[in-house]
Amino acid sequence: MKLVFATNNEHKLKEVQEILGDQFELMSLADLGCDEEIPETGPTLETNAAEKAWYIYTRYGVNCFADDTGLEVEALDGAPGVYSARYAGPQRDASDNIRKLLMVMDKINNRKARFRTVISLIIDGVETQFEGVVNGTLLDSLNGTAGFGYDPIFQPDGFELSFAQMDLAQKNEISHRGRAISQLVQYLNELK
Ligand code: IMP
């Protein structure tokens, strides 16, 4: 089955392609010829994922899915959450976001945080959502260079490594997006 993943993020495409394997032919927005900035204007991960998937489905008429992820910090009542990409401003810069979060968390002892991913899948005009969560701890300095976003300061529960110190396969096995994608794959396999 051909499926469009509504993202421009090469890291995510690689992560998801690795999980999907060759059962599904994953197409990117570039493969579709779509170079527009897809709007994400909603107040929640659920509304943003749906908005992005419907944007592609209504314009291109292709089966597709979109994801939206947030880093939810317990001591900050779930912030930056849906604003994770833009936490330090519209430039969406990962280093700026990390710097701001470390500053905000400076004197805060409760370092519990989680990544949460919501995926909206649209097949023949019917939408289904999936969720994946990974709990962990916010480190107080950067560790590792792999991955993207907040990976260097997020240590998943049960591990002594940050996400940025893991290889892709290890991260995918336990990550928010890996878990949400596994559910998506299970659902797609049941459809076949
Ligand atoms: P998106 O909805 O997947 O684009 O994620 C929004 C923001 O959350 C990204 O810009 C990153 O800052 C952060 N983020 C999402 N997934 C990850 C991840 O796997 N590791 C680290 N940060 C992530």
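Owing to the predicted nature of the structure, the values given are computational and were not obtained by experimental measurement.

Asks: Is there a simple way to think about the layout of surface pockets in this case?
Replies: By rolling a water-sized probe across the atoms, one finds the places where empty space is left. The volume enclosed by the largest pocket comes to roughly 850 Å³. Every residue lining the largest pocket is counted, 32 residues in all, and those nearest its centre are Asn 9, Lys 12, Ala 85, Arg 92 and Phe 148. Mapped by element, the contributors of at least two residues to the lining of the largest pocket are helix H1 (10-20), strand E3 (64-73), helix H4 (94-104) and helix H6 (176-191). Of the residues assigned to the lining of the largest pocket, the class counts are ten nonpolar, ten polar and twelve charged. In this structure, the second largest pocket encloses a volume near 150 Å³. Lining of the second largest pocket is provided by His 11, Lys 14, Glu 15, Ala 146, Gly 147, Phe 148, Asp 151, Phe 163, Met 166, Asp 167, Leu 168 and Lys 171. The set of elements that each furnish at least two residues to the lining of the second largest pocket consists of H1 and helix H5 (168-174). With three residues, the top contributor of residues to the lining of the second largest pocket is H1. Its residues assigned to classes, the lining of the second largest pocket shows five nonpolar, two polar and five charged.

Asks: Just checking my understanding: could you explain the pattern of salt bridges for this structure?
Replies: When the charged atoms of two side chains lie near each other, side chains of opposite charge can form a pair. As enumerated under the stated definition, the model contains twelve salt bridges in all. Arg 116 serves as the salt-bridge partner of Glu 46, at 2.9 Å between the closest nitrogen and oxygen. Here the residue Glu 46 occupies a position in helix H3 (residues 45-60), and Arg 116 occupies one in strand E5 (residues 112-123), the gap between them amounting to 70 residues. Accessibility expressed as a relative area gives 10% for Arg 116, which makes it buried. Through salt bridges with shared partners, a single ionic network connects Glu 46, Glu 72, Arg 114, Arg 116 and Glu 131.

Asks: Where do I start with the site of the ligand in this structure?
Replies: As a matter of local geometry, the ligand sits amid 14 residues, with Lys 12, Asp 68, Asp 151, Lys 171 and Arg 177 nearest to it. Within the side chain of Asp 68, one N or O atom sits 2.8 Å away from an oxygen atom of the ligand. A distance of 2.8 Å is found between an oxygen atom of the ligand and a side-chain nitrogen or oxygen belonging to Lys 171. Coverage of the ligand by the protein chains reaches 89% of its 460 Å² of free accessible surface. Applying the majority rule of atoms within 2 Å of the grid points places the ligand in the largest pocket. Those elements that place two or more of their residues in the shell around the ligand are E3 and H6. Ranked by residues supplied to the shell around the ligand, first place goes to E3 with three residues.

Asks: Quick question: what am I supposed to make of the nonpolar core here?
Replies: The tendency in soluble globular proteins is for nonpolar side chains to be buried as a group. Within the largest apolar cluster, 18 residues are counted, with the highest numbers of intra-cluster contacts made by Leu 71, Val 73, Leu 101, Leu 138 and Tyr 150. Looking at this core, the elements with two or more residues in it are E3, H4, E5 and strand E6 (126-138). Per-element accounting of this core gives the leading share, three residues, to H4. With near-sequence residues (within four places) excluded, Tyr 150 lies in contact with Leu 71, Pro 80, Ser 84, Tyr 87, Asn 97, Ile 98, Leu 101 and Phe 115. With 17 residues, the next largest nonpolar core counts Leu 3, Leu 26, Leu 121 and Val 185 among its residues.

Asks: Can you help me understand unusual backbone geometry in this one?
Replies: Peptide bonds are, in most cases, trans, and in most cases residues other than glycine have a negative phi. Geometrically, the link from Ala 79 to Pro 80 is a cis peptide bond, its omega value of -5 degrees lying close to zero. Within the secondary structure, Pro 80 is located in strand E4 (residues 80-81). Despite not being glycine, Arg 92 shows a phi value in the positive range, around 50 degrees. By the secondary structure assignment, Arg 92 is in the loop between E4 and H4. Of note, the phi angle at Asp 124 is positive, near 50 degrees, even though the residue is not glycine.

Rules of the game
Residues numbered from 1 in each chain as written. Predicted model: local features only at pLDDT ≥ 70, side-chain atom pairs only at ≥ 80, totals over all residues. Heavy atoms only, no water. 1 Å grid on protein atoms, 1.4 Å probe; cavity = no way out; pocket = protein on both sides within 12 Å on 5 of 7 lines; lining within 4 Å. Points joined across faces, edges and corners; volume = space filled by probe spheres on them. Helix = DSSP H or I, 4+ residues; strand = E, 2+ residues; numbered from the N terminus. Nonpolar A, V, L, I, M, F, W, Y, C, P; charged D, E, K, R; others polar. Salt bridge = Lys/Arg side-chain N within 4 Å of Asp/Glu carboxyl O. Buried < 20%, exposed > 50% of the residue type's maximum accessible area, 1.4 Å probe, protein only. Near = heavy atom within 4 Å. Polar contact = N/O pair within 3.5 Å; in protein donor to acceptor, adjacent residues only side chain to side chain. Areas by Shrake-Rupley, 256 points an atom, 1.4 Å probe, with all protein chains shown as cover. Sits in = over half its atoms within 2 Å of the grid points. Core = buried A, V, L, I, M, F, W, Y, C linked by side-chain atoms within 4.5 Å. Contact = heavy atoms within 4.5 Å.

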